[in-house]
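Each chain, letter by letter, is given below.
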Amino acid sequence: MFRRLAWIRWKRRFAIFKHLSSPEELPFTAFTAIEHAVPLRRNLSKTDTALQEGKIANLELAVKKVSGTLLESGKIFSYWHLIGNPTKRKGYKKGMMLVNGKPTAAIGGGLCALSNLIYWMTLHTPLTVIERYRHSYDVFPDSNRTQPFGSGATCVYNYRDLMIENRTCDTYILFVWIDHEKGLLCGKWVKNTPITDSYEVYQKEHWITAEIGGIYVRHNTIWRKHYTLDNQETITDTKTLYNDEYITENHAIMMYEPLLETKKR
C-alpha cells in the first residue's frame, strides 16, 4: 500500500519508457557509459532446467518493459514501476526464485538477474542508487564469479524495489536485451554527452564468521574508484583518480560450507 502511494505521489518524477530498441533511434548522438553482460543459465541439476527456461521467458517479457527507458535529469528509475506485477495472466511463467536461500518455483522467478545487471551497471555511472536490497543468502561458491560478492540487487514485487535517481545534468537511457545465440543477458547505459568519468567497483574488505548452529555468514564491503578522464574522447585514455568511495556492505548466510584452511601440524 505504501509503495503504491509513493508511486502516485512521485508520478511526475519517474523515468519515461520509450519504445526504442537501440541508441541509433535516439534524436541525438549517444555515448556508452557502461556495457555489461551476464550468463542466462547456470550449471545446475537437470531438474532445474525447466525453471531456467521459465526464467529466460520471464526476462524476455521484463526486458520489453525496461529497455529504452529515458532517465532525464531529476527523474527516478523504478524497477517495479516499469515492469509491474509479474503475473501468470501477463504471460510470466514459473522460474527459479530463491526463498530462504533455496531454489523454488514461482511465477515471475528469475527477474533478479535483470535487477542485478542494472544495479551493477549503474555503479559504473554517476547515477545515484536511492533504493537497493542486498541478497540475504550466498547460494553459489565463487567459482567462475566475475563480479564481487554482494554486487547485485534483489527485487520482490513490490516492496523491494531498485530505484535510481539522475542527479546529473545529463540524460541517460537504459538498453537491455537477450542474446540467445551467446546465452547472455546484456545491457548498457548510454548518455547524451561525451564520457568524462570511469569507475572501478571492487571488494575492499571480506570476512566469514561462524554462527550458532553451524551457520556461516559472509560479509564484505563494496567500494568504487572514480576516475576523471584526461582525454574525453575514449574511456581508454589517461585517467586520474578522483575519489575512492564506499558503496555498501553485505551480510549473507552461506548455503555451502566455506573452504577451511587445513591446520599444519
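Residues numbered from 1 in each chain as written. Predicted model: local features only at pLDDT ≥ 70, side-chain atom pairs only at ≥ 80, totals over all residues. Heavy atoms only, no water.

A. Highlighting the overall build of the protein. Scanning the protein from terminus to terminus reveals four helices and 14 strands. Here the C-alpha atoms of the protein give a radius of gyration of 19 Å, agreeing with the 18 Å that 2.2 N^0.38 yields for 265 residues. With the C-alpha coordinates aligned to their principal axes, the bounding extent of the protein is approximately 65 × 50 × 40 Å. Here the protein, with 265 residues, has 46% of them falling under the buried criterion. Counting contacts in the protein only where the partners sit at least 6 residues apart, residues at least 24 apart contribute 71% of the total. Just so you have it, the protein exposes about 15100 Å², and 52% of that area is on carbon and sulfur atoms. Once the 36 positive and 27 negative side-chain charges of the protein are each reduced to a mean point, those two points are 9 Å apart. (Helix = DSSP H or I, 4+ residues; strand = E, 2+ residues; numbered from the N terminus. Rg over C-alpha atoms; globule rule 2.2 N^0.38 Å. Buried < 20%, exposed > 50% of the residue type's maximum accessible area, 1.4 Å probe, protein only. Contact = heavy atoms within 4.5 Å. Areas by Shrake-Rupley, 256 points an atom, 1.4 Å probe, with all protein chains shown as cover. Lys, Arg positive; Asp, Glu negative; His and termini not counted. Charge placed at Lys NZ, Arg CZ, Asp CG, Glu CD.)

B. Spotlight on a positive patch on the surface. A grouping of Arg 4, Lys 65, Arg 89 and Lys 90 is seen on the molecular surface, where their side chains present a positively charged patch. Within the secondary structure, Arg 4 is located in helix H1 (residues 2-9). (Patch = residues over 30% accessible without salt bridge, like charges linked within 9 Å, V, L, I, M, F, W, Y side chains within 5 Å. Salt bridge = Lys/Arg side-chain N within 4 Å of Asp/Glu carboxyl O.)

C. Region of the structure containing the sheet that holds strand E10 (residues 172-179). Spatially, the five strands line up as an open sheet ordered E1-E3-E10-E11-E2, and their pairing is antiparallel. The open sheet has two free edges, formed respectively by strand E1 (16-17) and strand E2 (31-39), since each of these has just one partner strand. Where strand E3 (residues 69-71) and E10 come together, three bridges link them in antiparallel fashion. Bridge pairing in E10 links Leu 70 to Ile 173. Its contacts with the sheet put helix H2 (residues 49-66) on E1, E3, E10 and strand E11 (184-191), and the angle it makes with E10 is roughly 155 degrees. (Pairing = 2+ DSSP bridges. Axes fitted to C-alpha atoms, helices over the stretch in contact; angles between N-to-C directions.)

D. Representation of the environment of Ile 247. By the element assignment, Ile 247 lies in strand E14 (residues 239-254). Sequence spacing of Ile 247 and Glu 25 is 222 residues, and the spatial spacing of their C-alpha atoms is 34 Å. Once residues within four sequence positions are removed from consideration, Ile 247 is found in contact with Tyr 119, Leu 123, Ile 222, Trp 223 and Arg 224.

E. Representation of the pattern of salt bridges within the structure. Applying the stated criterion across every chain, the model contains six salt bridges. Of the charged contacts, one joins Lys 191 and Asp 170 as a salt bridge, the two residues approaching to 3.1 Å between their closest N and O atoms. Placement of Lys 191 in strand E11 and of Asp 170 in the loop between strand E9 (163-165) and E10 is noted, with a sequence separation of 21 residues between them. One salt bridge connects Glu 245 with Arg 224, and the closest N-O pair in it is separated by 2.7 Å. Here the residue Glu 245 occupies a position in strand E14, and Arg 224 occupies one in strand E13 (residues 215-229), the gap between them amounting to 21 residues. Through salt bridges with shared partners, one network takes in Arg 13, Glu 165 and Arg 167.

F. Representation of a nonpolar patch on the surface in the model. Together, Met 1, Phe 2, Leu 5 and Ile 8 give the surface a local cluster of nonpolar side chains, amounting to about 530 Å² of exposed area. Mapped onto the elements, Met 1 comes out in the segment before H1.

G. Quick peek at the state of the cysteines. Throughout the structure, instances matching the rule amount to zero disulfides. Not engaged in a disulfide, the cysteine Cys 112 finds its nearest cysteine sulfur in Cys 155; these two sulfurs lie 5.9 Å apart. (Disulfide = S-S within 2.5 Å.)

H. A look at H2. Helix length check: H2, at 18 residues, gives a terminal C-alpha distance of 26 Å against a target of 26 Å (1.5 Å per residue), a fit within 8%. Among the residues making up H2, those that are buried are Leu 51, Gln 52, Gly 54, Lys 55, Ile 56, Ala 57, Asn 58, Leu 59, Ala 62, Val 63 and Val 66. Gly 68 sits one or two positions beyond H2 and adopts a positive phi of about 100 degrees. (Expected span 1.5 Å × (residues − 1).)

I. Seen up close, the confidence of the model for the protein. Here the protein averages 87 in pLDDT, while 90% of its residues score no lower than 70. The low-confidence segment residues 260-265, where pLDDT is below 50, has one contact with residues more than four positions distant or belonging to other chains. (pLDDT = per-residue confidence, 0-100.)

J. Spatial organisation of the sheet that holds E13. Sheet architecture is open: four strands sit in the order E8-E14-E13-E12, paired in mixed fashion. One side of each edge strand has no neighbouring strand; the edge strands of this open sheet are strand E8 (137-138) and strand E12 (197-211).

K. Inspection of the side chain of Glu 131 at higher detail. Along the polypeptide, Glu 131 turns up in strand E7 (residues 128-131). In this structure the side chain of Glu 131 is engaged in a polar contact, spanning 3.5 Å, whose partner is the backbone nitrogen of Asp 161. Setting aside residues no more than four positions away along its own chain, Glu 131 makes contact with Arg 3, Tyr 159, Arg 160, Asp 161, Leu 162 and Met 163. (Polar contact = N/O pair within 3.5 Å; in protein donor to acceptor, adjacent residues only side chain to side chain.)

L. View of unusual backbone geometry. Put simply, Tyr 157 and Asn 158 share a cis peptide bond, and its omega is -15 degrees. Tracing the backbone through its elements, the reader meets Asn 158 in the loop between E8 and E9.

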